[in-house]
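Examining the three-dimensional arrangement
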Amino acid sequence: MTNRNPIRLPPLKVLRVRNPNRHEPNPCLNIMSSVLACWASAGYTGRGCTTVENALRACMDAPPPPPKAPNTINYHLNRFSKRLISQGKKK
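Residues numbered from 1 in each chain as written. Predicted model: local features only at pLDDT ≥ 70, side-chain atom pairs only at ≥ 80, totals over all residues. Heavy atoms only, no water.

Applied cut-off: UniProt positions are given in the numbering used here, feature names are shortened, and annotations may be inferred rather than shown by experiment.
With an unreviewed UniProt entry as reference, the protein is termed Small ribosomal subunit protein mS37, source organism Humicola insolens. Quoted verbatim from the Sequence similarities (unreviewed entry) field of the UniProt record, the comment on the protein reads "Belongs to the mitochondrion-specific ribosomal protein mS37 family." The annotation that UniProt attaches to the protein under Subcellular location (unreviewed entry) is "Mitochondrion".

Quick notes on the overall build of the protein
Selection rule: Labels follow the DSSP assignment, with helices taken as runs of H or I lasting at least four residues and strands as runs of E lasting at least two, numbered in each case from the N terminus. Exposure is judged per residue with a 1.4 Å probe applied to protein chains only, and the accessible area is read against the type maximum: over 50% gives exposed, under 20% gives buried, and values in between give partly exposed. Only heavy atoms matter for contacts: two residues are in contact if any of them lie within 4.5 Å across the pair. Accessible surface area values rest on a Shrake-Rupley calculation with a 1.4 Å probe, where residue burial reflects the displayed protein chains alone.
What the protein contains, in helices and strands, is three helices and zero strands. The order of helices and strands in the protein, counted from the N terminus, is α-α-α. Per-residue burial for the protein yields a buried fraction of 11% across its 91 residues. The long-range share in the protein, meaning contacts at least 24 apart out of those at least 6 apart in sequence, stands at 70%. A total accessible area of about 8900 Å² is found for the protein, and carbon and sulfur atoms account for 59% of it.

A short note on the state of the cysteines
Disulfides are covalent bonds that link the sulfur atoms of two cysteine residues. Spelled out, the test is: Disulfide: a pair of cysteine sulfur atoms within 2.5 Å of each other.
If you walk through the whole model with that rule in mind, you get two disulfides. Cys28 shares a disulfide with Cys59; S-S distance 1.9 Å. For the disulfide bridge between Cys28 and Cys59, the dihedral angle about the S-S bond is near -95°, and by the sign convention the bridge is left-handed. With a gap of 31 residues between them, Cys28 in the segment before α1 (29–42) and Cys59 in helix α2 (residues 50–61) connect regions that are remote in the sequence. The class for Cys28 is buried, based on a relative accessible area of 6%. When the cysteines engaged in disulfides are numbered in sequence order, the protein pairs them as 1-4, 2-3.

Some words on the side chain of Glu53
What counts, and what does not: In this tally Asp and Glu are treated as negative and Lys and Arg as positive; neither His nor the chain ends contributes. Whenever Lys or Arg places a side-chain nitrogen within 4 Å of a carboxyl oxygen from Asp or Glu, that contact is recorded as a salt bridge.
One can find Glu53 in helix α2. The charged side chain of Glu53 is buried without a salt bridge, its nearest counter-charge being Arg57 at 4.2 Å. Setting aside residues no more than four positions away along its own chain, Glu53 makes contact with Val35 and Trp39.

Focus: the environment of Met32
Inspection of the secondary structure assignment puts Met32 in helix α1. For the pair Met32 and Met60, spaced 28 residues apart in sequence, the C-alpha to C-alpha distance is 9.8 Å.

Below is the structure:
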């Protein structure tokens, strides 16, 4: 075995993950664009668009999905950063 020096990373001012809570896109958005495309191609009173319109109504009438729990990564990084930074400053 050989002795290797550990890799030293440059110091960070703040440990933080950018925007960990991504917003989910609206699930009815794709169906809505299909309805608009159907109306543009067949006209507003197009009879061929009824199935897509009914799918949009069903999607809009469905209950919204339950909200996700927020991501707590930045909270935990903030807690641990006090330990990491304080060890480096003690030298």
